[in-house]
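Chain and residue survey
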Amino acid sequence: MWKWNSLKDLFGKLNEMEYVILRNHETLEEEISMGGDIDILCLKKAYVVDQIHADKRILRDETFNYFIMVKDKKIPIDIREVGDGYYDEKWEKNMLNKRIKTAGFYIMDEENYKYSLLYHALLHKFEIKETYIYRLKDMFGIEIGNDDNTYKLLGNYMRKMGYMIPIPVDKGVKFNREKYKKICEIIEL
């Protein structure tokens, strides 16, 4: 089994490809040390999986959950690709086109990051994590929660950008259908 010597080495290889970290880049090393994962979006998942020597966590084709070895530690990594329905395909391309290199890896620009995190907190979770509530409040400067104002914030942005809400291909992704309906109503106004 392939082992990376460090996260720096792993990101050195990833930086040769088109990818972006989806969230929690601010506390990436802390997240990993506490058992968290790395979430990335890339152009071609199969190529990235091969290049970074990622192994499937779950032996099903319809999931995007992998792990890599750094020294003797197994680190979970979710590898999303353009067109997989995690976000609107047009939005995924926008995230990659506007990515920024910082601290040795690629992250999203501020606008894509805050709205994609809001989308993730609302649609990929059944309850908004407390850490996301605080982070999103800092990003938007307003209270964020399970309420109509928060749904309108996301829905209005998606309508302005021409984004829709796809159903994720990855069967392991939670998908909040109740919030999906509410936000779609706003997008389609």
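Since this is a predicted model, take the numbers as computed values, not measurements. (Residues numbered from 1 in each chain as written. Predicted model: local features only at pLDDT ≥ 70, side-chain atom pairs only at ≥ 80, totals over all residues. Heavy atoms only, no water.)

**Observations concerning the environment of K45**
With respect to the element layout, K45 can be found in helix α3 (residues 45-52). Using a relative accessible area of 11% as the deciding quantity, one classes K45 as buried. Counting along the chain gives 36 residues from K45 to E81, while the straight-line C-alpha distance between them is 5.5 Å. (Helix = DSSP H or I, 4+ residues; strand = E, 2+ residues; numbered from the N terminus. Buried < 20%, exposed > 50% of the residue type's maximum accessible area, 1.4 Å probe, protein only.)

**Re the packing of aromatic side chains**
Across all of its chains, the model carries 14 aromatic pairs by this definition. Between Y86 and Y87, the aromatic rings sit 5.1 Å apart at their centres with planes inclined by 90°, giving edge-to-face as the arrangement. The same class applies to Y86 and to Y87, which are both buried. Consider the rings of Y87 and Y119, whose centres lie 4.9 Å apart with planes at 45°: the pair is tilted. With Y87 in the loop between β5 (73-81) and α4 (89-97) and Y119 in helix α5 (residues 110-123), this residue pair connects regions lying 32 residues apart in the sequence. In this structure, Y87 and Y119 share a single accessibility class: buried. Feature note: the residues Y86, Y87, W91, Y115, Y119, F140, Y157 and Y163 constitute an aromatic cluster, connected by ring pairs. If you follow K74 out to its NZ or CZ, it ends over the ring of F67, 4.4 Å from the centre. Lying over the aromatic face of Y106, R99 brings its terminal NZ or CZ to 3.7 Å of the ring centre. (Phe/Tyr/Trp six-rings, centres within 6.5 Å; stacked < 30°, edge-to-face > 60°. Lys NZ or Arg CZ within 6 Å of the ring centre and 35° of its normal.)

**Some remarks on the packing of α5 against helix α8 (residues 177-187)**
Put simply, α5 and α8 touch, their axes get as near as 9 Å, and they point 130° apart. With respect to α8, the element α5 is oriented oblique. Packed against α5, whose contacting residues are A121, L122 and L123, the element α8 presents K179, Y180 and I183 at the interface. Here the residues of the contact of α5 with α8 sort into 5 nonpolar, no polar and 1 charged. (Axes fitted to C-alpha atoms, helices over the stretch in contact; angles between N-to-C directions. Parallel < 35°, antiparallel > 145°, perpendicular 65-115°, else oblique. Contact = heavy atoms within 4.5 Å. Nonpolar A, V, L, I, M, F, W, Y, C, P; charged D, E, K, R; others polar.)

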